[in-house]
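# What the coordinates show
The lines below spell out each chain.
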Amino acid sequence: MLPIIVLSISGIVTLFLGFLKSRWILMPLTLLFILAAIVGVLLDKNGISPYAGAFPTMLSTDNVSIAFSGIILLAALFIVPLSRYYANQENAQPAEYYAILLFSLVGALMMTSYENLIMLFVGLEILSISMYILTGSDKDNLRSGEAALKYFLMGSFATGILLFGVALVYGATGGFDLHMIANYVRNSGNISPMLYLGLSIMLIGILFKLSIAPFHFWTPDVYDGAPSVFTAFMSTIVKTAGFAALYKILSVSFSDLYGFWWVCLAITTIATLIIGNITAVYQTSFKRMLAYSSISHAGYLLMAVTTFNAYSQKAIIFYSLAYALSTITAFGVLIIVEQTANDKYEAFNGLGKRAPLLAFVNTVAMCSLAGMPLTAGFIGKFFVFTSAADNDMVWIMIIAILMSAVGFYYYFRVIIAMYMRPAIESDVDNEVVVPGIYRTVLMLATLLTILFGLAPDLLTALF
Amino acid sequence: MEVPDVIKTIPLNWYIFFATFLFCIGVVGVLIRRNALIVLMCVELMLNAVNLLFTSFSAYRSDPQGQIFVFFIMVVAAAEVSVGLAIIVMLYRNLKSVDVGILNKLKW
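Residues numbered from 1 in each chain as written. Chains lettered and ligands numbered in written order. Predicted model: local features only at pLDDT ≥ 70, side-chain atom pairs only at ≥ 80, totals over all residues.

## Some remarks on the overall build of chain A
When you go through chain A residue by residue, the secondary structure sums to 21 helices and zero strands. Taken over C-alpha atoms, the radius of gyration comes to 21 Å for chain A, in line with the 23 Å a tight globule of 463 residues would show. With the C-alpha coordinates aligned to their principal axes, the bounding extent of chain A is approximately 75 × 55 × 40 Å. By the burial criterion, 60% of the 463 residues in chain A qualify as buried. (Helix = DSSP H or I, 4+ residues; strand = E, 2+ residues; numbered from the N terminus. Rg over C-alpha atoms; globule rule 2.2 N^0.38 Å. Buried ≥ 20, exposed ≤ 12 C-beta atoms within 10 Å, placed from the backbone.)

Structure follows, in structure tokens:
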């Protein structure tokens, strides 16, 4: 509750700060606000916040929601500094961008800690509407506008579907409270078919937002067209919040219907893993490859949701964090490389000589995304596969392992381009400048990736 | 709680069928129409079909929660439309068209 209040107020304050002449102050202040929200999360965790138990039927904090909130705020803390190039452009309105970022974090936090479907809906929409605006914020760029329109139409379509599902669940159970729905499912002898229909339609709506195949078709276009900073935001924070929401509703309300929903999720998991990984192989642009990679990682996360046992909670949290850290690093490198050339693989040629630091952090990020041992990505995949093995879902596991082998191909293409290919003639003269704040963020994210890869207990001890 | 007789004159099922029918018109419209404004209208139709469904369930259960949800949907839909129209206007300035089919800059 406290971080939500802090972020809402600081978002409004940031809007007014737009009147200031000195724009440079906006980013440090935004970082400060996010830090304040992290403090709020910690106060909530220890129960000393004045709002810790307020509105228990609407929002509640437990260890899981705190872990997800922590991941979301940490990712935001890393992404905000990356907006430097973008917010410094001539006709940019940084105050608005930062304010909308803060508001969207409010939505993301609501999605991690809701107790009532009304809060799920409101949180999801705060997050989505903010993202529609940020996707289209590069106003003169046609690609950005096109991405915004596609995202908006598909997103509001998905919202409509989700709401129809909620309406049917309400018709069957007579309430929006998660525990009330759980009670209905547990105690009523014959469950109304309307509930099954409503649950399926709700799942379709949420999976749409999470870009799970076969509802993923908008993702590559939107991720490709949006400004890279906001793509990083979408592929980490929106994904994490969405999975927190999905896991919460399935574990609290519908855990007794596991036999019904695991089949649907298992089929979509396999489709997502295959489509995401195979299509990523054919991409020529690094940014678009990352979009497909985010689809395939959504597949691994969904696999952990599908197994739904004692390990899956840990697996989802760890995997989200590992994925967020390495994706932010990859996008940070991409933003710098974009300044010198474009987002194609060729732009990375010879980066190992031109900017050794960038090449190194990108290598670690790619290894982590591919799941090389000694990185956080490997431990994340290990947890996910363990939880699948524990449920005897061997066939899903075999497909997932095969597909992560496919993943090595397209992630290592970047590493090969960076270290083994000579730089393109026209790019050689463009010096690769790494601003200090980027260096800090990239180093920190890489350090955490390696640290959690070597000592995962540091993190798992926390929740 | 007892449901008033006035409400019971039309059976609940009819409301469900009607709302589902409206919702399906919305879905089909989103999928086949090419004009961004019409697609937006179809999304609104979907949301309003859901509103009708919420209201009728709420009336037949004498439970106000469903109608409260409707207010939330109305507010959010208004916010969504204002953002959506802004995006469409922005695109129209660049392209002089609101045809969804013209959007082909992003393809793999």
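After that view of the structure, there is still more to cover.
## Some words on the overall build of chain B
A count of helical and extended segments in chain B gives four helices and zero strands. Ordered by position in the sequence, the α and β elements of chain B form the string α-α-α-α. In summary, chain B has a C-alpha radius of gyration of 18 Å against a globular reference of 13 Å for 108 residues, an excess of more than 25%. The principal-axis extents of the C-alpha atoms in chain B amount to approximately 55 × 25 × 25 Å. Within chain B, the proportion of its 108 residues that are buried is 30%. The contacts in chain B between residues at least 6 apart in sequence include a share of 49% that link residues at least 24 apart. (Contact = placed C-beta atoms within 7 Å.)

## Examining the UniProt feature "transmembrane region" (unreviewed entry) in chain B
All names here are of chain B. Following the UniProt record, the feature "transmembrane region" (unreviewed entry) maps to residues 12-32, 37-57 and 69-92 here. Taken end to end, residues 12-32 has its terminal C-alpha atoms 30 Å apart, with 100% of it in helix and 0% in strand. Its end C-alpha atoms 31 Å apart, residues 37-57 is made of 100% helix and 0% strand. (UniProt positions renumbered as here; feature names shortened; annotations may be inferred.)

## Side note on the UniProt feature "domain: NADH:quinone oxidoreductase/Mrp antiporter transmembrane" (unreviewed entry) in chain A
Mapped onto this numbering, the UniProt entry gives "domain: NADH:quinone oxidoreductase/Mrp antiporter transmembrane" (unreviewed entry) at residues 116-403 of chain A. For residues 116-403 of chain A, helix accounts for 80% and strand for 0%, while the C-alpha atoms at its two ends are 37 Å apart.

## Regarding the interface of chain A and chain B
Listed as interface residues are 36 residues of chain A and, on the opposing side, 33 residues of chain B. Of all the secondary-structure elements, those providing two or more residues to the side of chain A that touches chain B are helix H6 (117-135), helix H7 (142-173) and helix H10 (219-225) of chain A. In terms of residue count, the dominant contributor to the side of chain A that touches chain B is H7 of chain A (18 residues).

## Concerning the nonpolar core
Counting 195 residues, the largest nonpolar core has Ile72 and Tyr319 of chain A together with Val50 of chain B as its most contacted members. If one sorts the elements of this core by residue count, H7 of chain A sits on top with 19 residues. Those residues in contact with Ile72 of chain A, other than ones at most four positions away along the chain, are Leu105, Ala108, Leu109, Thr112, Ile237, Thr240 and Ala241 of chain A. (Core = buried A, V, L, I, M, F, W, Y, C linked by C-beta atoms within 7 Å.)

## Observations regarding the packing of H6 of chain A against helix H11 (residues 228-252) of chain A
Residues and elements named next belong to chain A. Where H6 meets H11, the axes come as close as 11 Å, and the angle between the chain directions of the two elements is 170 degrees. As summarised for this structure, H6 and H11 are arranged roughly antiparallel, according to the angle between their axes. Contacts between H6 and H11 involve Leu120, Leu127, Met131, Leu134 and Thr135 from the former and Phe230, Met234, Val238, Ala241 and Ala245 from the latter. Across the contact of H6 with H11, the residue classes tally to nine nonpolar, one polar and no charged. (Axes fitted to C-alpha atoms, helices over the stretch in contact; angles between N-to-C directions. Parallel < 35°, antiparallel > 145°, perpendicular 65-115°, else oblique. Nonpolar A, V, L, I, M, F, W, Y, C, P; charged D, E, K, R; others polar.)

## A short note on the environment of Leu59 of chain A
Tracing the backbone shows Leu59 of chain A in the loop between helix H2 (26-46) and helix H3 (63-79). Those residues within four positions of Leu59 of chain A in sequence are excluded, and the remaining contacts are Met1, Met110, Ser113, Tyr114, Glu115 and Met119 of chain A.

## Brief notes about the packing of helix H17 (residues 376-390) of chain A against helix H18 (residues 394-420) of chain A
Residue and element names in this part refer to chain A. It is the contact of H17 with H18, at a shortest axis distance of 9 Å, that shows an interaxial angle of 160 degrees. Between H17 and H18, the angle falls in the class roughly antiparallel. From H17, Lys381, Phe385, Ala388 and Ala389 reach across to H18, where they touch Ile396, Met397, Ala400 and Ser404. When the residues that make up the contact of H17 with H18 are grouped by side-chain class, the tally is six nonpolar, one polar and one charged.

## Describing helix H16 (residues 356-370) of chain A
Side chains three or four residues apart in an α-helix point the same way, a direct result of the helix having 3.6 residues per turn. Residues and elements named next belong to chain A. Along its 15 residues, H16 runs 21 Å from first to last C-alpha, staying within 8% of the 21 Å computed at 1.5 Å per residue. Judged by how many residues are buried, H16 sits mostly within the fold: twelve of 15 residues are covered. For H16, the set of buried residues is Leu358, Ala359, Val361, Asn362, Thr363, Val364, Ala365, Met366, Cys367, Ser368, Leu369 and Ala370. (Expected span 1.5 Å × (residues − 1).)

## Observations concerning H7 of chain A
All names here are of chain A. Under the 1.5 Å per step criterion, the end-to-end length of H7 is 46 Å for 32 residues, consistent within 8% with the ideal 46 Å. Counting buried positions along H7 yields 30 of 32 residues, so the element is predominantly enclosed. With its phi angle positive at about 80 degrees, Gly174 sits one or two positions after the end of H7.

## Observations concerning the environment of Val384 of chain A
Residue and element names in this part refer to chain A. For Val384, the location among the structural elements is in helix H17. Here Val384 falls in the buried class, since 28 other C-beta atoms lie within 10 Å of it. The spatial distance from the C-alpha of Val384 to the C-alpha of Thr159 is 29 Å, given a sequence separation of 225 residues. With sequence-adjacent residues up to four places away left out, Val384 is seen in contact with Tyr300, Met303, Ala304, Ala315 and Tyr319.

## Points about the confidence of the model for chain A
Atomic detail in the predicted coordinates should be set aside for any region of low pLDDT. Counting all residues, the mean pLDDT for chain A is 89, and 98% of those residues have values of 70 or more. Ranking the elements of chain A by mean pLDDT puts helix H19 (residues 425-428) of chain A last, at 68, and H6 of chain A first, at 94. (pLDDT = per-residue confidence, 0-100.)

## Examining unusual backbone geometry
A cis amide bond, omega 5 degrees, links Ala213 of chain A with the succeeding residue Pro214 of chain A. One non-glycine residue, Leu374 of chain A, adopts positive backbone phi at about 75 degrees. If you trace the backbone, Leu374 of chain A turns up in the loop between H16 and H17. With a phi angle near 50 degrees, Ser62 of chain B is a residue other than glycine that sits in the positive phi range. Looking at Ser62 of chain B, the number of C-beta atoms within 10 Å reads 11, which means it is exposed.

## Quick word on the confidence of the model for chain B
Residue-level pLDDT values for chain B average 88, and 94% of them are 70 or greater. Here the prediction assigns the complex a pTM of 0.93, and the interface score ipTM is 0.94.

## With respect to the environment of Thr231 of chain A
Residues and elements named next belong to chain A. Turning to its location among the elements, Thr231 is positioned in helix H11. Overall, the presence of 25 C-beta atoms within 10 Å leaves Thr231 in the buried class. Between the C-alpha atom of Thr231 and that of Ala291, which follows or precedes it by 60 residues, the distance is 8.5 Å. Beyond its immediate chain neighbours, meaning those up to four positions away, Thr231 contacts Tyr223, Ala226, Lys287 and Phe331.

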